[in-house]
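Here is what each chain is made of, one letter per residue.
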Amino acid sequence: MARQTRILILGGGAGGLELAVQLAGARGIDVTLIDRVTSHLWKPRLHEFAAGTVSSSLAEISFYVLGQLRGFHFEQGSVIGIEHAMKAVRLAAIHDDAGEVVVPERLLTYDLCVVALGGVTPDFNTTGVAENAIRLDAAVDADAFRKRFINAMIRARATGVPADVVIVGSGATGTELAAHLRASERAFFDWSSKGPVPRGRKLLDITILEAAPELMPGAEAALREKLVERLRGLDIKTVTDARISVVDKDEIRTAKGEAWPADISVWAAGLVGNPVLRGLGRFDYDDKGRIKVDSHLRSTADDCIYVLGDAAACIPAGAERPLPPTAQAASQQAAYLAAALPRVLRNEPVKSFRFQNKGRLVSLAGAGAIGIIGRRKQDILIHGQFAIAAYDALQRQHQWRVLGPVRGSVAIMADLLSPTRGPPLKLHGG
């Protein structure tokens, strides 16, 4: 029996997981997905987990179960290095809660390797961010935020003094989180006439601080205008030209000396490559710590290693800057590599990767969704029920790709018909 070609995929985010399930069906290829956690979370809706408004039972799926269903192997572990000469990936030892070694440090060999380790929110060396602010980079961050948010809202309900949540950064994460927190607030209202909080009185003050002169820098003007309108309608305060100098335990201050009280501070200011990338191996990096790739998403330093998603500094033909870190880009890159890598292994010609911008969508909970749909000649602003459906469709498409046509359709239909569906609020600590 001929030896199968081994492909290792480092990271089970949107792009890494989609690539694993698509490659797993290719003849002669053995696919192993590596991630430090045991389940996949649809990161574009991480803010909903944080706010407690997540509405889909399909948002988090076990890698072990998916591997069994879709035909790839799953290895849990933290990637700590790539041995280029050995063509091997080094994984850190796994310890239990008592500190005992469960699995020692190990090496996994490959023929081809795909780095999909994602990105993180940088603190830009701002004083106090690491100690006092929450950054929504992973499920553990969303859990930590939700616990603090629940405590803050219970205190506000008991005292009648609104809690202060200050979000630094007006990109999709910051604005969507703010809107979903406003939706969650309603669950804490005392709808009776008793108690210190009169019926329906506000329990939460939300402020978004943006360092740029305008909200959501880089967004289309029409989208930005509609976003400002919706945020105003949700009574969410927005402040631009706010360059943060210090994040204290209960206050955020700017270089100009302005200050905002904060029971909870959220740092959502941009995205850079995962810090582990810098020490991963022999690579070329851009100024955001992402690995530079060529037009085939192949690293410029090692022909056997490809990179996708937030880990890749991918500059499209004719562009001056790399693609922004979005699930849309990662998904397209996964589809490209799923078709390209088998051809590479057969020594067949491969076309360059081409990104097709399909637009931008923002979910604002009770205020609906807004977005820009990309067209060849012009962009179209959408909002209302059509935008909501388009936003939900992004996750449904991902689920369909991950679970496959049959299981995906059945699972999505079951999720839509679930009796627990509606505006569910996961407002408990665990």
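Caption draft 1: Quick look at the overall build of the chain. Counting secondary structure elements, the chain contains 10 helices and 27 strands. Looking at the chain alone, contacts between residues at least 24 apart form 64% of all its contacts between residues at least 6 apart.

Caption draft 2: How the structure looks around the nonpolar core. Counting residues in each nonpolar core, the largest one holds 56 residues, and the members touching the most others are Leu10, Phe72, Ile82 and Val115. Residue contributions to this core peak at 7 residues, all from helix H8 (residues 327–345). When sequence neighbours within four positions are dropped, the list of residues in contact with Val115 reads Leu10, Ile82, Leu277, Leu280, Ile291, Ile305, Tyr306, Val307, Leu308 and Ala311.

Caption draft 3: Here's a closer look at the packing of helix H1 (residues 14–23) against H8. Relative to each other, H1 and H8 sit at 30°, their axes nearing to 8 Å. With respect to H8, the element H1 is oriented roughly parallel. Regarding H1 and H8, the two cross each other, and that crossing is right-handed. Here H1 contributes Gly15, Glu18, Leu19, Gln22 and Leu23 to the contact with H8, which in turn contributes Ala330, Ser331, Ala334, Ala335, Leu337, Ala338, Leu341 and Pro342. Classifying every residue of the contact of H1 with H8 gives 9 nonpolar, 3 polar and 1 charged.

Caption draft 4: Focus on helix H6 (residues 172–185). Taking 1.5 Å of rise per residue, 14 residues should cover 20 Å, and H6 covers 20 Å from first to last C-alpha, within 8% of that figure. Of all 14 residues that make up H6, 11 are buried, and the element is covered over most of its length. Looking at H6, one finds that the buried residues are Gly174, Thr175, Glu176, Leu177, Ala178, Ala179, His180, Leu181, Arg182, Ser184 and Glu185.

Caption draft 5: Just the pairing of strand S18 (residues 251–254), in detail. Burial along S18 is one-sided: the residues Ile252 and Thr254 are buried and none of Glu251 and Arg253 is. Sheet topology places strand S17 (residues 244–247) next to S18; 3 bridges connect them, and they run antiparallel. Across the sheet, the residue bridging to Val246 is Arg253, located in S18. In this antiparallel pair of consecutive strands, S17 and S18, the connection spans 3 residues. As judged from the 3 bridges shared by S18 and strand S19 (residues 259–261), these two strands associate in the antiparallel manner. Of the residues in S19, the one forming a bridge with Arg253 is Ala259. Between S18 and S19, which pair antiparallel in sequence order, lie 4 residues; one of them, Gly257, sits at a positive phi of approximately 95°.

Caption draft 6: Representation of the pairing of strand S16 (residues 236–239) within the structure. Pairing between strand S15 (residues 204–209) and S16: 4 bridges, direction parallel. Counterpart to Ile208 in the pairing with S16 is Thr238.

Caption draft 7: Molecular detail of the packing of aromatic side chains. Scanning all chains against the criterion turns up 6 aromatic pairs. Seen in terms of ring centroids, Tyr64 and Phe74 are 4.8 Å apart; in terms of plane orientation they differ by 90°. Their pairing is edge-to-face. Of this pair, Tyr64 sits in helix H3 (residues 63–70) while Phe74 sits in strand S5 (residues 73–76), placing them 10 residues apart in sequence. By relative accessible area, Tyr64 is classed as partly exposed at 45%. Considering the side-chain rings of Phe283 and Tyr285, the 6.5 Å spacing of their centres and the 80° angle between planes classify their relative orientation as edge-to-face. Taken as a pair, Phe283 and Tyr285 share a single burial class, namely buried.

Caption draft 8: Quick peek at the environment of Leu203. Here Leu203 shows up in the loop between H6 and S15. What makes Leu203 buried here is its relative accessible area of 0%.

Caption draft 9: Looking closely at the packing of helix H5 (residues 139–159) against H6. Between H5 and H6, whose axes approach to 12 Å, the crossing angle comes to 45°. Taken together, the axis directions place H5 and H6 in an arrangement best described as oblique. As H5 packs across H6, the resulting crossing turns out to be right-handed. On H6, the residues touching Phe145, Phe149 and Met153 of H5 are Leu177, Leu181, Ser184 and Glu185.

Caption draft 10: The arrangement of the side chain of Glu185 in detail. Its location among the elements puts Glu185 in helix H6. Ignoring any residue separated from it by four or fewer positions in sequence, one finds Glu185 in contact with Met153, Lys202, Leu203 and Leu204.

Caption draft 11: Here's a closer look at the environment of Leu69. You can see Leu69 is positioned in helix H3. Sequence-wise, Leu69 and Val21 are 48 residues apart; in three dimensions their C-alpha atoms are separated by 9.3 Å.

Caption draft 12: Focus on the pattern of salt bridges. Applying the stated criterion across every chain yields a total of 16 salt bridges. Of the charged contacts, one joins Asp143 and Arg146 as a salt bridge, the two residues approaching to 3.0 Å between their closest N and O atoms. Taken as a pair, Asp143 and Arg146 lie in helix H5 at a separation of 3 residues, close to a single helical turn. The class of Asp143 is partly exposed, set by a relative accessible area of 28%. When the shortest N-O distance is used, the salt bridge between Arg253 and Asp248 registers 2.4 Å. In this structure Arg253 comes out as partly exposed when scored by relative accessible area, which is 28%. Its relative accessible area of 27% is what places Asp248 among the partly exposed residues.

Caption draft 13: Highlighting the sheet that holds strand S20 (residues 264–267). Pairing within the open sheet is parallel, and its 5 strands lie in the order S13-S20-S14-S15-S16. Only two strands of the sheet have a single neighbouring strand rather than two, namely strand S13 (133–134) and S16. Pairing between strand S14 (residues 163–168) and S20: 4 bridges, direction parallel. Residue pairing in the sheet places Val168 in a bridge with Trp267 of S20. Across the face of the sheet, H5 comes into contact with S13, S14, S15 and S20 while running at roughly 150° to S20.

What counts and how
Residues numbered from 1 in each chain as written. Predicted model: local features only at pLDDT ≥ 70, side-chain atom pairs only at ≥ 80, totals over all residues. Heavy atoms only, no water. Helix = DSSP H or I, 4+ residues; strand = E, 2+ residues; numbered from the N terminus. Contact = heavy atoms within 4.5 Å. Core = buried A, V, L, I, M, F, W, Y, C linked by side-chain atoms within 4.5 Å. Buried < 20%, exposed > 50% of the residue type's maximum accessible area, 1.4 Å probe, protein only. Axes fitted to C-alpha atoms, helices over the stretch in contact; angles between N-to-C directions. Parallel < 35°, antiparallel > 145°, perpendicular 65-115°, else oblique. Left-handed = near helix turned anticlockwise from the far one by under 90°. Nonpolar A, V, L, I, M, F, W, Y, C, P; charged D, E, K, R; others polar. Expected span 1.5 Å × (residues − 1). Pairing = 2+ DSSP bridges. Phe/Tyr/Trp six-rings, centres within 6.5 Å; stacked < 30°, edge-to-face > 60°. Salt bridge = Lys/Arg side-chain N within 4 Å of Asp/Glu carboxyl O.

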